[in-house]
Amino acid sequence: MVRALTEGLRRELKALNSHIRIASLSPGVVETEFFERYLKNDPTRKASDVFKSMKALEAKDIADSILYILKTPSHVEVHDIILRPYDQAM
């Protein structure tokens with residue numbers, strides 16, 4: 001769904017000759033407070049358990065990917081980046 005919306009926006013902006021580039025960044029598991037909040041009502045699971053099974057992405061990994069997109073030359077358009085921890089199951 002998000003990919004279709006992104007592609008639709010990209011095509012609309014191209015039709016307008018706006019020179020605005022659109023990119024989509026899809027991160028996998030990122031070590032944030034999300035899991036702690038998500039699992040707070042589940043006494044059988046802890047956020048720390050999620051991160052024991054793999055080295056999760058860090059906020060810096062996401063920021064570096066965004067900077068990569070922004071630093072590309074004007075003739076380059078990055079469409080999609082899928083960023084996952086190496087050990088994350090699909």
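Note that the structure is predicted; figures quoted are calculated from it, not measured.

Once that is clear, we can look at the layout of surface pockets. Estimates place the volume of the largest pocket at around 160 Å³. For the largest pocket, the full set of lining residues is Leu13, Lys14, Asn17, Ser18, His19, Ile20, Arg21, Ser74, His75, Val76 and Glu77. Taken together, the residues of the lining of the largest pocket break down into three nonpolar, five polar and three charged.

Okay, a nonpolar patch on the surface next. Together, Ile66, Leu67 and Leu70 make up an exposed nonpolar region whose accessible area comes to about 280 Å². Mapped onto the secondary structure, Leu67 falls in helix H4 (residues 59-71). Note on Leu67: relative accessible area 42%, which makes it partly exposed.

Another aspect to go through is the confidence of the model for the protein chain. In the predicted model, the protein chain carries a mean pLDDT of 89, and 100% of its residues have values of at least 70. Looking across the protein chain, the model is least confident in helix H3 (residues 47-52), with a mean pLDDT of 76, and most confident in H4, with 96.

A word on the nonpolar core. Ranked by size, the top nonpolar core spans eight residues in total: Val29, Phe35, Leu39, Ala47, Val50, Phe51, Met54 and Ala56. Looking at this core, the element that brings in the most residues is H3, giving three residues. Within the second largest apolar cluster, seven residues are counted, among which are Ile62, Ile69, Val78 and Leu83.

Cut-off values and rules
- Residues numbered from 1 in each chain as written.
- Predicted model: local features only at pLDDT ≥ 70, side-chain atom pairs only at ≥ 80, totals over all residues.
- Heavy atoms only, no water.
- 1 Å grid on protein atoms, 1.4 Å probe; cavity = no way out; pocket = protein on both sides within 12 Å on 5 of 7 lines; lining within 4 Å.
- Points joined across faces, edges and corners; volume = space filled by probe spheres on them.
- Nonpolar A, V, L, I, M, F, W, Y, C, P; charged D, E, K, R; others polar.
- Patch = residues over 30% accessible without salt bridge, like charges linked within 9 Å, V, L, I, M, F, W, Y side chains within 5 Å.
- Areas by Shrake-Rupley, 256 points an atom, 1.4 Å probe, with all protein chains shown as cover.
- Salt bridge = Lys/Arg side-chain N within 4 Å of Asp/Glu carboxyl O.
- Helix = DSSP H or I, 4+ residues; strand = E, 2+ residues; numbered from the N terminus.
- Buried < 20%, exposed > 50% of the residue type's maximum accessible area, 1.4 Å probe, protein only.
- pLDDT = per-residue confidence, 0-100.
- Core = buried A, V, L, I, M, F, W, Y, C linked by side-chain atoms within 4.5 Å.

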